[in-house]
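Examination of the molecular architecture
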Amino acid sequence: MKTSEIEVAILGGGLAGLVSAHLLAQSGQKVMLFEKKSYPFHRVCGEYLSAEVLGFLEKQRLLPEGLDLPRISEFEYSDTNGKTEYISLDQGGIGVSRFVLDEWMAKRARESGAFMEEGVQVEEVDFLPKEDRFCITLNDGREFFANHVLGAFGKRSKLDKSMSRSFITQRSPYIGVKYHIRTDFDKSRVALHNFEGGYCGINAVEEGKYNLCYLGLSKHSKKFGSIEAMEREVLWKNPKLKHLWMESEFLFEKPEVISEISFEPKAPVENHVLMIGDAAGLITPLCGNGMAMAIRSGFMASELLMQNLSRPQLEQAYQKAWTQEFAFRLWVGRQSQKLFGSGKTSFLGRILIGQFPFLARQIIQKTHGKPF
Ligand SMILES: Cc1cc2nc3c(=O)[nH]c(=O)nc-3n(C[C@H](O)[C@H](O)[C@H](O)COP(=O)(O)OP(=O)(O)OC[C@H]3O[C@@H](n4cnc5c(N)ncnc54)[C@H](O)[C@@H]3O)c2cc1C
């Protein structure tokens, strides 16, 4: 493909970018996706995939085939003291690692005809008003031109800086840490265990493995000198977590770690780029809905791009559709996070689940969309 012939450039190859690449290429558009890493790779994520997108993924053959993916239908919640409540999940979900899922989707996008540039970082994206198209500059100096750009570069990227997005100037206190483990835990359950400053999830993924992933405070890892020391001094105060650490086999040499995780609102359209997935807004991980939102927003943007709208019509339609589908979910997610990460609030969270399960289910429902 000539560099001048790209119809849609997709910046970032997580779920949002990969779904869009697959759908747009399948519809005959000339699509190029740029991903700074090479598949397959691990990323920080709880790997609980909400059932809201399963029908869509199955229809598009975007769910890895030949694997027995665990079906999850129950939620366990413990307060910082390890006292626990359980609640059934109306929609539920499945467990699947990003190592497997993203690689499968990248294969499907290639099969559909998308051009995939892996191992290259996009340095800048500029809209050229006179030419009514974008110029994309890579870290190896190459330049590409595209009529449309989807920003699928996740929660925090160099591109947020180069585009001067407002949230990037604010510091965030959160870090995310992920392991794969082997352990003795009910495969049909997802648990969230509170500790001072954060919460840790566990659920089964493929091949008898489990994902253990938490959101904590970077000041705790600084205070205790390392991730391991923080886990011993902070997380293990919850006996449920101490038990998990003591009784499990850890499969990674070292954990996957990210910092500066921001839940601040972002704009879904900036500098004429349609933002999808976390680049448009990250829902708090306790909702277990970020992957579904990434997939859904990729689908929504692709559907609109296939309609040959004028640029102003396209931007307006995407902004409206995104706000309708996601803005309230993100807000509820931010409010719900207040029930986590301290003795008092996690106690209240446990009482809510144990004594007012109807209300707890309503809150969970408000952070999820309808199946599609
Ligand atoms: C601790 C934690 C736990 C979570 N647990 C869950 C969960 O259990 N369930 C759930 O549904 N969601 C969960 N989430 C949220 C979920 O991980 C995200 O919402 C989801 O990964 C978003 O997908 P995405 O495609 O938008 O971004 P990503 O998957 O982050 O992909 C973005 C891609 O862009 C690439 N990129 C970035 N900058 C550039 C550049 N300049 N050039 C080229 N490539 C670039 C990156 O390498 C990356 O591959 C969790 C999040 C956190 C932080």
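Predicted, not measured: the structure shown is a model, and the values here were computed from it.

Thresholds applied
Throughout this description, residue numbers start from 1 for each chain and increase along the sequence as written. Local features are withheld for residues below a pLDDT of 70 in this predicted model, meaning they are given only at 70 or higher, and side-chain atom pairs are given and counted only at 80 or more; totals for whole chains, interfaces and linings count all residues. Water and hydrogen atoms play no part in the side-chain values, which are based on all heavy atoms of the structure. A pair of strands is labelled paired if DSSP reports no fewer than 2 bridges between them. The helix count covers DSSP runs of H or I at least four residues long, the strand count covers runs of E at least two residues long, and both are numbered beginning at the N terminus. Neighbouring residues are identified by heavy atoms, a residue being near a molecule or strand if any of them is within 4 Å of it. Here a polar contact is recorded for every N or O atom pair within 3.5 Å, except that within protein the pair must consist of a potential hydrogen donor and a potential acceptor, and residues adjacent in sequence are included only if both atoms are side-chain atoms. In this description, accessible areas are obtained by the Shrake-Rupley approach with a 1.4 Å probe, and a residue is regarded as covered only by the protein chains that are shown. Note on aromatic pairs: the rings of Phe, Tyr and Trp (six-membered ring only in Trp) are paired at centre separations within 6.5 Å, and the planes decide the class, stacked below 30 degrees, edge-to-face beyond 60, tilted for the rest. Burial here depends on accessible area, computed with a 1.4 Å probe over protein chains only, as a share of the maximum for the residue type. Under 20% is buried, over 50% is exposed, and the range in between is partly exposed. To sit over a ring, a charge needs its Lys NZ or Arg CZ within 6 Å of the ring centre and within 35 degrees of the ring normal. To get an axis, a line is fitted to the C-alpha atoms, and for a helix only the part in contact is used. The angle between two axes follows their N-to-C directions and goes from 0 to 180 degrees. Less than a right angle of anticlockwise turn of the near helix away from the far helix marks a crossing as left-handed, whereas a clockwise turn marks it as right-handed. Any two residues whose heavy atoms approach within 4.5 Å are treated as being in contact. Gly falls in the polar group here, along with every residue not listed as nonpolar (Ala, Val, Leu, Ile, Met, Phe, Trp, Tyr, Cys, Pro) or charged (Asp, Glu, Lys, Arg). How far each domain reaches was decided by an automatic or database domain assignment. Accessible-area loss on putting two parts together, using a 1.4 Å probe and summing over both, is the definition of buried area adopted here. When a carboxyl oxygen of Asp or Glu is within 4 Å of a side-chain nitrogen of Lys or Arg, the pair counts as a salt bridge.

Before going further, it helps to examine the pairing of strand β4 (residues 71-78). Looking down a regular strand, the side chains alternate between one sheet face and the other. By the bridge criterion, 7 bridges tie β4 to strand β5 (residues 84-95) in an arrangement that is antiparallel. Its bridge partner being in β5, Ser78 is matched across the sheet by Thr84. The loop that links β4 with its antiparallel partner β5 comprises 5 residues; one of these, Gly82, has a positive phi angle of about 85 degrees. Here β4 pairs with strand β11 (residues 189-195) via 5 bridges, running parallel.

Another aspect to go through is the site of the ligand. Close contacts around the ligand come from 36 residues, with Glu35, Gly46, Tyr48, Arg98 and Asp278 the closest. Measuring from an oxygen atom of the ligand, one finds a side-chain N or O atom of Arg43 at 2.8 Å. Contact between the ligand and Asp278: an oxygen atom at 2.7 Å from a side-chain N or O atom of the residue. Burial of the ligand by the protein chains amounts to 96% of its free accessible area of 1000 Å². Looking at the shell around the ligand, the elements with two or more residues in it are α1 (15-26), β2 (31-35) and α8 (290-305).

Looking now at the packing of aromatic side chains. Considering all chains together, one arrives at 18 aromatic pairs under this definition. Between Phe56 and Phe299, the aromatic rings sit 5.2 Å apart at their centres with planes inclined by 65 degrees, giving edge-to-face as the arrangement. Placement of the pair is Phe56 in helix α2 (residues 54-59) and Phe299 in helix α8, with a sequence separation of 243 residues. Residue classification places Phe56 among the buried positions, given a relative accessible area of 4%. Phe299 gets classed as partly exposed once you look at its relative accessible area, which sits at 21%. Look at Tyr199 and Phe340: their rings are 4.8 Å apart centre to centre, the planes differ by 55 degrees, and that puts the pair in the tilted class. Here Phe340 lies in the loop between α9 (311-336) and α10 (343-355) and Tyr199 lies in strand β12 (residues 198-204), a separation of 141 residues in the sequence. Residues Tyr199 and Phe340 agree in their burial class; the two are buried. Across the ring face of Phe185, the terminal group of Arg189 is positioned such that the distance to the ring centre comes to 6.0 Å.

It is at 8 Å that the axes of α1 and α8 come closest, and there the two elements cross at 35 degrees. Pair α1 / α8 crosses with right-handed handedness. The residues of α8 that touch α1, namely those facing Leu15, Ala16, Val19, Ser20, Leu23 and Leu24, are Met291, Ala294, Ile295, Gly298, Phe299, Ser302 and Leu305. Partitioned by chemical class, the residues of the contact of α1 with α8 number 10 nonpolar, 3 polar and no charged.

Domain boundaries in the protein define domain 1 (3-41 + 103-170 + 264-336) and domain 2 (71-97 + 173-261 + 339-366). Distance from the C-alpha centre of domain 1 to the C-alpha centre of domain 2: 29 Å. Between domain 1 and domain 2, the residue contacts involve 13 residues of the former and 11 residues of the latter. Overall, the association of domain 1 and domain 2 removes approximately 890 Å² of surface from exposure, summing both partners, and the carbon and sulfur fraction of that is 67%. For domain 1, the biggest contributors to the area lost against domain 2 are Arg156, Leu286 and Ser336; these three give 46% of the whole. On inspection of domain 1 and its partner domain 2, the count reaches 1 salt bridge. A salt bridge links Glu260 to Arg156; the shortest N-O distance between them is 4.0 Å. Joining domain 1 to domain 2, the criterion identifies 3 residue pairs in polar contact (both at pLDDT 80 or more). Tallying contributions element by element places α9 first for the side of domain 1 that touches domain 2, with 5 residues. Class assignment of the residues belonging to the side of domain 1 that touches domain 2 gives a composition of 6 nonpolar, 4 polar and 3 charged.

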